[in-house]
Amino acid sequence: MAKHKQEKQAPAVLPKHIGIIMDGNGRWAKLRGLPRFAGHKIGAKTFKTITRYCNQVGVRYLTVYAFSTENWKRPQEEVDAILKLLDEYLDDAENFKKENVRTRFIGDLSALGEPFIQKIRHVEEMSKDFTGLTLNIAFNYGGRDEIVRGVRKIAERCRAGELDPDSITEETISSQLDTAGQPDVDLIIRPSGELRLSNFMLWQSAYAEYIFMDILWPDFAERDLDRALAEFARRNRRFGGV
Ligand code: FPP
């Protein structure tokens with residue numbers, strides 16, 4: 001008898017926007033006696049697998065925390081290794097066209113220098129009309145820094161007489177963030193057992209569900225995303241109501 005092929009069942013309530021703090025690369029490498037860079041390399045692979053899977057199951061927005069405003073404090077060798085992975089990813093982006101993923105960057109890219117910025121803008125431009133998942137890569141990103149940059153733009157408009165401070169609403173702030181026009185994140189996943197937000201999407205996560213998982217990012221697989229999606233669907237989301 002022919003084997004019945006199991007249909008992939010999307011959970012009843014799918015988050016519109018998932019954020020992932022890709023944590024645990026360093027520990028993964030250390031456990032194997034490898035340099036930290038080796039963990040980031042496998043972490044970058046996991047990032048591609050999970051992005052593809054999110055797109056496949058119908059998630060509309062995914063934001064991954066690739067490099068924080070604080071990560072510059074790491075040894076130069078490690079920073080260079082992560083920048084190299086980013087560079088390779090950008091060079092490879094042409095090959096992912098068929099996946100229909102709209103790729104965007106959030107964070108203060110000015111620290112990256114012109115050649116990098118041009119590559120990033122090229123990938124964003126190339127994919128801007130793609131209709132699948134929107135992928136935000138958070139690079140030199142900090143939630144507080146993002147709010148500060150947004151508030152400065154608002155203050156400038158007030159100074160120029162274009163905006164009345166009394167008319168500032170939550171929407172005014174949202175519209176000046178790097179994620180302007182996108183839905184708030186409704187599920188944040190942090191693997192590696194750490195129970196912190198680490199300055200990730202502070203404004204956008206006001207009503208997010210958090211799922212902390214005891215697995216290191218390089219080991220994170222599709223089945224782990226399935227587990228998180230199932231847990232998300234189980235939670236009773238009340239938005240402060242009853
Ligand atoms: C946190 O783990 C991870 C990072 C700071 C870097 C994440 C970067 C990648 C997965 C590669 C990104 C690639 C592209 C293409 C954008 P950690 O180093 O803090 O791990 P630890 O807590 O175990 O030390």
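All values reported here derive from a predicted model rather than from experimental measurement.

A.B. asks: Explain the site of the ligand here, please?
C.D. replies: The environment of the ligand is formed by 17 residues, the closest being Met22, Gly26, Arg27, Arg36 and Arg74. Residue Asp23 places a side-chain N or O atom 3.2 Å away from an oxygen atom belonging to the ligand. Residue Gly24 places a main-chain N or O atom 3.3 Å away from an oxygen atom belonging to the ligand. Isolated, the ligand exposes 620 Å² of accessible area, and the fraction of that covered by the protein chains is 91%. In a pocket analysis with a 2 Å cut-off to the grid points, the ligand is assigned to the largest pocket. A total of five residues in the shell around the ligand trace back to one element, the largest contributor, which is helix α2 (residues 36-57). Residues belonging to the shell around the ligand are distributed by class as follows: seven nonpolar, six polar and four charged.

A.B. asks: Got a minute to help me understand the confidence of the model for the chain in this structure?
C.D. replies: Detailed reading of the predicted coordinates is not advisable wherever pLDDT is low. In the predicted model, the chain carries a mean pLDDT of 94, and the fraction of residues at 70 or more is 93%. Here residues 1-7 scores under 50 on pLDDT; set against residues more than four positions off or in separate chains, the count is zero contacts.

A.B. asks: Is there a simple way to explain unusual backbone geometry in this structure?
C.D. replies: Apart from glycine, the bulk of residues carry a negative phi angle, and the bulk of peptide bonds sit in the trans form. Even without being a glycine, Asn140 presents a positive backbone phi close to 45°. Structurally, Asn140 is set in strand β4 (residues 134-141). Here the phi dihedral of Ser198 falls at roughly 50°; this positive angle occurs in a residue that is not glycine. Tracing the sequence through the fold places Ser198 in the loop between β5 (187-190) and β6 (209-212). Exposure remark for Ser198: the relative accessible area of 30% places this residue in the partly exposed category.

A.B. asks: So what exactly am I meant to see when it comes to the layout of surface pockets here?
C.D. replies: Over the atoms rolls a probe the size of a water molecule, and in doing so it shows where empty space is left. The computed volume of the largest pocket comes to approximately 870 Å³. Along the wall of the largest pocket there are 37 residues; nearest its centre are Met22, Asn25, His40, Tyr65 and Ala66. Those elements that place two or more of their residues in the lining of the largest pocket are α1 (25-31), α2, β2 (61-68), α3 (76-92) and β4. Class assignment of the residues belonging to the lining of the largest pocket gives a composition of 16 nonpolar, nine polar and twelve charged.

A.B. asks: Is there a simple way to think about the nonpolar core in this case?
C.D. replies: A general feature of soluble globular proteins is that nonpolar side chains tend to end up buried together. Residues Ile18, Ile20, Leu135, Phe139 and Ile189 are the most contacted members of the largest nonpolar core, which totals 44 residues. Those elements that provide at least two residues to this core are β1 (17-21), α2, β2, α3, α4 (114-127), β4, β5 and α7 (222-234). No other element matches α3, which puts six residues into this core. Apart from residues lying up to four places away in sequence, Ile20 is in contact with Ile50, Leu62, Thr63, Val64, Tyr65, Ile189, Phe200 and Trp217. Counting ten residues, the second-largest nonpolar core is a separate cluster that includes Ile106, Ile188, Phe200 and Ala208.

A.B. asks: It is not clear to me how the pattern of salt bridges should be interpreted in this structure. Could you clarify?
C.D. replies: One side chain can pair with another of opposite charge once the charged atoms of both are near each other. Under the counting rule described, the total for this entry stands at 21 salt bridges. As a salt-bridge pair, Glu88 and Lys84 come within 3.3 Å of each other at their nearest N and O atoms. Taken together, the positions of Glu88 and Lys84, both in helix α3 and four residues apart, correspond to about one turn of that helix. Residue Glu88 is classed as partly exposed on the basis of its relative accessible area of 40%. One salt bridge in this structure joins Asp87 and Lys119, with 2.7 Å as the shortest N-O distance. Of the two residues, Asp87 sits in helix α3 while Lys119 sits in helix α4, which places them 32 residues apart along the sequence. Classification of Asp87 by relative accessible area gives partly exposed; the value is 25%. The exposure class assigned to Lys119 is partly exposed, which follows from its relative accessible area of 28%. The network of salt bridges with shared partners includes Asp23, Arg27, Arg190, Glu194 and Arg196.

Cut-off values and rules
- In this convention, every chain numbers its residues from 1, walking through the sequence in written order.
- Reporting of local features is limited, given that this is a predicted model, to residues whose pLDDT is at least 70; pairs of side-chain atoms are given and counted only at 80 or more, and all residues count toward the totals for whole chains, interfaces and linings.
- Excluded from the side-chain calculation are hydrogens and water; included are all heavy atoms of the structure.
- Note on terminology: near, applied to a residue and a molecule or strand, indicates that one of the residue's heavy atoms is within 4 Å of it.
- Polar contacts, as counted here, are pairs of nitrogen or oxygen atoms within 3.5 Å of one another; within protein the pair requires one atom able to donate a hydrogen and one able to accept it, and residues that are adjacent in sequence qualify only if both atoms are side-chain atoms.
- For accessible areas, the Shrake-Rupley method is used with a probe of radius 1.4 Å. Any residue's cover is judged against the shown protein chains and nothing else.
- Lining residues are defined by having an atom within 4 Å of a point belonging to a cavity or pocket. Those points lie on a 1 Å grid over the protein atoms alone, cavities being sets where a 1.4 Å probe fits but cannot get out and pockets being open sets with protein on both sides within 12 Å along at least five of seven lines.
- Each molecule is assigned to a cavity or pocket provided more than half of its atoms lie within 2 Å of the corresponding grid points.
- For helices the rule is a DSSP run of H or I covering at least 4 residues; for strands it is a run of E covering at least 2, with both sets numbered from the N terminus onward.
- Residue type decides the class: Asp, Glu, Lys and Arg count as charged, Ala, Val, Leu, Ile, Met, Phe, Trp, Tyr, Cys and Pro as nonpolar, and the leftover types, Gly among them, as polar.
- Values of pLDDT, which run from 0 to 100, indicate the predictor's confidence residue by residue.
- We call two residues in contact when some of their heavy atoms are within 4.5 Å.
- Exposure is judged per residue with a 1.4 Å probe applied to protein chains only, and the accessible area is read against the type maximum: over 50% gives exposed, under 20% gives buried, and values in between give partly exposed.
- Grid points are joined across faces, edges and corners, and a volume is the space filled by probe spheres set on the points.
- Here, the term nonpolar core denotes a set of buried Ala, Val, Leu, Ile, Met, Phe, Trp, Tyr and Cys residues that are joined through side-chain atoms within 4.5 Å.
- In the sections that follow, a salt bridge refers to a side-chain nitrogen of Lys or Arg positioned within 4 Å of a carboxyl oxygen of Asp or Glu.

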